[in-house]
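# Observations on the three-dimensional arrangement
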Amino acid sequence: SKQVATVGPASSSMEMLEALFRAGVDVFRLNFSHGNAEEKRELVKIIRRLEARYRHPIGILADLQGPKLRVSTFKDPVVVLQDGQDFTFDLDKSTPGDETRVCL
């Protein structure tokens, strides 16, 4: 099995990544839903420096964001659906949603 650690603000320094590696982490997970490309580039450089220093392979798991599906607006502030009721997601951006449908 592999030990995976998610890298976040509290674990992104060289010192912390090294401590995690020395504690047994095999793979570092980088969450691409947060931060920017330059931050991820720097993390990869740090991880590869550790890999070279210890002459031991370290995996990098790039967790890429999937599609964001959001509903559009509704004409009323509250819509109550009944159990078992049909509800349609459509592409009609011109009509606010109601208890039967909404634009996706």
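Each chain carries its own residue numbering, running from 1 in the written order of its sequence. Whole-chain, interface and lining totals are the exception, using all residues; otherwise, since this is a predicted model, local features are given only for residues with pLDDT of at least 70 and side-chain atom pairs are given and counted only at 80 or more. Water and hydrogen atoms play no part in the side-chain values, which are based on all heavy atoms of the structure.

Numbering of helices and strands runs from the N terminus, with a helix taken as a DSSP run of H or I at least four residues long and a strand as a DSSP run of E at least two residues long. Position of V78 among the secondary structure elements: in the loop between strand 3 (59–63) and strand 4 (88–90). When the C-alpha positions of V78 and E99 are compared, they lie 9.2 Å apart, and in sequence the two are 21 residues distant.

Relative to the elements of secondary structure, D90 occurs in strand 4. Identification of polar contacts relies on pairs of N or O atoms within 3.5 Å, with a donor-acceptor requirement for protein atoms, meaning one able to donate a hydrogen and the other able to accept it, and with residues adjacent in sequence counted only if both atoms are side-chain atoms. Engagement of the side chain of D90 in a polar contact is seen with the backbone nitrogen of D92, the distance being 3.1 Å.

The next subject is the packing of aromatic side chains. Under the pairing criterion, centres of Phe, Tyr and Trp rings, with the six-membered ring standing for Trp, must be within 6.5 Å; the plane angle then separates stacked pairs below 30 degrees from edge-to-face pairs above 60, leaving the rest tilted. Taken as a whole, this structure holds two aromatic pairs when the rule is applied. Between F21 and Y54, the ring centres sit 5.1 Å apart and the planes meet at 55°, which makes this aromatic pair tilted. Residue F21 is located in helix 1 (residues 14–22), and its partner Y54 is located in helix 2 (residues 37–54); the two are separated by 33 residues in the primary sequence. A 1.4 Å probe rolled over the protein chains alone gives each residue an accessible area, and that area as a share of the maximum for its type sets the label: buried under 20%, exposed over 50%, partly exposed in between. Overall, F21 belongs to the buried group, its relative accessible area being 11%. According to the relative accessible area criterion, Y54 is partly exposed, its value standing at 27%. Considering the side-chain rings of F87 and F89, the 5.4 Å spacing of their centres and the 75° angle between planes classify their relative orientation as edge-to-face. Charge-over-ring contacts are defined here by two conditions on Lys NZ or Arg CZ: a distance within 6 Å of the ring centre and an angle within 35 degrees of the ring normal. Here K40 stacks its cationic end above the ring of F32, 5.9 Å away from the centre of that ring.

What follows covers the pattern of salt bridges. The salt bridge criterion pairs a side-chain nitrogen of Lys or Arg with a carboxyl oxygen of Asp or Glu, the two atoms within 4 Å. This model, assessed by the stated rule, comprises six salt bridges. Between R101 and D90 there is a salt bridge, with the nearest N and O atoms lying 2.5 Å from each other. Placement of R101 in strand 5 (residues 101–103) and of D90 in strand 4 is noted, with a sequence separation of eleven residues between them. Judged by relative accessible area, R101 falls into the buried class, the value being 13%.

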